[in-house]
Amino acid sequence: MTEKDLYFDWAATSPADEDILKDALNAAQECWGNPSSAHSTGKKARALLEEARKRAADALGVDSGHVYFTSGGTESNQIPLLSVMTKPAAGTVLVSAVEHPAVREQAMAMRHCGWKVAVIPSDKNGIITPDAVISSLTKDTMIVCVMAVNNETGAIQPVHEIADALTEACAGGRRPKLHVDCVQAAGKIRLDIARKGIDSAAFSAHKICGPRGIGILYSKDSPEPFLRGGGQEKGVRSGTENVFGAVAFSKCLERYHNKDEMMENQRARTERFLSLLATLKGCTVVPESRLENPGLYSPFIVQAGFDKIPGNVMVRAMDARGICISTGSACSTRKNVRPVLEAMGVSAQVRESAVRFSFGPGTTQEAMDALFDAVRGVCAEFNGGRRG
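All figures in this text were calculated on a predicted structure; none of them were measured in a lab. (Residues numbered from 1 in each chain as written. Predicted model: local features only at pLDDT ≥ 70, side-chain atom pairs only at ≥ 80, totals over all residues. Heavy atoms only, no water.)

A short note on the overall build of the protein
Note the following rule: By definition, any uninterrupted DSSP run of H or I lasting at least four residues is a helix, any uninterrupted run of E lasting at least two residues is a strand, and each is numbered from the N terminus. Both definitions apply: the radius of gyration is a C-alpha atom measure, and the globule rule equals 2.2 Å times residues to the power 0.38. The rule is simple: take the accessible area with a 1.4 Å probe, protein chains only, and divide by the maximum for that residue type; under 20% is buried, over 50% is exposed, in between is partly exposed. In what follows, a contact means two residues having at least one pair of non-hydrogen atoms within 4.5 Å. Only the protein chains shown count as covering a residue, and every accessible area follows the Shrake-Rupley method with a 1.4 Å probe.
Counting its secondary structure elements, the protein contains 12 helices and 10 strands. Taking 21 Å as the expected radius of gyration for a compact globule of 388 residues, we find that the protein reaches 21 Å, a close match to that expectation. With respect to the principal axes defined by its C-alpha atoms, the protein has extents near 70 × 50 × 35 Å. Counting all 388 residues of the protein, 56% fall into the buried class. For the protein, the share of sequence-separated contacts (at least 6 apart) that also reach a separation of at least 24 residues comes to 72%. For the protein, the accessible surface area stands at approximately 16100 Å², while carbon and sulfur atoms represent 50% of it.

What follows is the structure in structure tokens.
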């Protein structure tokens, strides 16, 4: 098997779809003008950009007028947060306890500007319930941030139910915006962001076989830009547009997003993998309830801890066998902290040993079997292998 076959860190970044990238590069080379230029060369580039916007919107099931191209998932997550800072008075930002650092850290930075930040607690399964959101609401809450799929545990958050609960709780009054980080959801769960109650959503191309440096912000209403410049993307995201990235991302969404057969095939492979992990002595699936409720989690992400094997040791041992995994979010790896697992009440021992296995469209059953064999081999070196 090749290096790509034995790559199980898709949640950090995915191998690019070479055909799509080549096609997008050729198109961008043919239409190389600045999309904001008024001459014919610029208009060709503008047409290509808008064609990509329409393709992406169709794949996401939304109107193209609500799709904005950005530099990636981080920016797409932060524009809605920064937009509320243009309001005349500071209020409260509600952020779930299991959010990605792109949301969590930006919200915390807003405190320096007079904003209050409240954290919505997670249950032990890594789920943010509608009741937890409503219980955390304050009268001055301006925006609520709950991700669609957790990047460490794969927990699928009930964002539709949360949207309905917010609408009901705020009936007759001002309703805060609901922003959803969909970076780990695109292509991995069936997703309906056009559903009533979701005000904005973030996407990143390099998580779904596209290039780095391009993202999408879906926004039902035009956000008020906090950062200003040339006025591109209808003023929401200034800066010369990444036409190549937009074309590539739109084609990746078209090819991989909301594909039921692909998702169900991976679910079968992942459930087999989980059942095998359960046979290993000292293995703890995080959360343990996932073994009984697999449907609550994306089949593309699995978190597990291995007794007496620190996570960074497991990563190195697997790498020595030619297999790539991680200890969690690539953005948090160097900080050696696990706030998501802490929020779930996971013990310090399991947090220290936990690693993440993540998969994608290129993952095969043969590769999954090789992954388990390698994990079993490492466990045998440390604690004797299978359960007695």
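Following the structure, the description resumes.
As for the sheet that holds strand β7 (residues 215–219)
This is how the line gets drawn: The rule for pairing is simple: two strands pair if DSSP sees at least two bridges between them. Axes here refer to lines fitted to C-alpha atoms; in helices the fit is confined to the stretch in contact. Angles between the N-to-C directions go from 0 to 180 degrees.
Reading across the sheet, the seven strands line up as β1-β7-β6-β5-β4-β2-β3 and stay open at both edges, with mixed pairing between neighbours. Only two strands of the sheet have a single partner each, and these edge strands are β1 (67–70) and β3 (116–120). If you compare each strand with its neighbour and ignore which way they point, the axes differ by 20° on average. Strand direction decides the pairing type here: strand β5 (residues 177–181) and strand β6 (residues 200–204), joined by three bridges, are parallel. Considered in β6, the bridge of His179 is made with Ser200. Sheet strands in contact with helix α2 (residues 40–60) are β1, β6 and β7, and its direction is about 115° off that of β1. Across the sheet, helix α6 (residues 159–169) lies against β4 (141–145) and β5, angled at about 170° from β5, the strand it touches most.

Some thoughts on the pattern of salt bridges
Cut-off, in case you're wondering: By convention in these notes, a salt bridge is any Lys or Arg side-chain nitrogen within 4 Å of a carboxyl oxygen on Asp or Glu.
The tally for this structure, following the rule as stated, stands at 23 salt bridges. Here Arg228 ties to Glu224 by a salt bridge, and the two come within 3.0 Å at their closest N and O atoms. Residue Arg228 is classed as exposed on the basis of its relative accessible area, which comes to 60%. Overall, the relative accessible area of 39% leaves Glu224 in the partly exposed class.

What about the sheet that holds strand β10 (residues 355–358)?
The strand order across the open sheet formed by three strands is β8-β9-β10, and the pairing between neighbours is antiparallel. The open sheet has two edge strands with one neighbour each: β8 (283–286) and β10. Ignoring which end each strand starts from, the neighbouring axes of this sheet average 30° apart. Two elements, strand β9 (residues 301–306) and β10, share four bridges in a ladder whose sense is antiparallel. The residue bridging Ile301 from the neighbouring strand is Ser358, located in β10. Sitting on the sheet, helix α8 (residues 260–277) touches β8, β9 and β10, and the angle it makes with β9 is about 5°.

A few points about unusual backbone geometry
A cis amide bond, omega -5°, links Val286 with the succeeding residue Pro287. Tracing the backbone shows Pro287 in the loop between β8 and β9. Phi is positive for Lys234, which is not a glycine, with a value near 55°. Structurally, the position occupied by Lys234 is in the loop between β7 and α7 (243–256).

Quick word on the pairing of β7
Most of β7 is tucked away, with five of its five residues classed as buried. Burial of the side chains of β7 extends over both faces: Gly215, Leu217 and Ser219 are buried on one face and Ile216 and Tyr218 on the other. By the bridge criterion, four bridges tie β1 to β7 in an arrangement that is antiparallel. Residue pairing in the sheet places Tyr68 in a bridge with Leu217 of β7.

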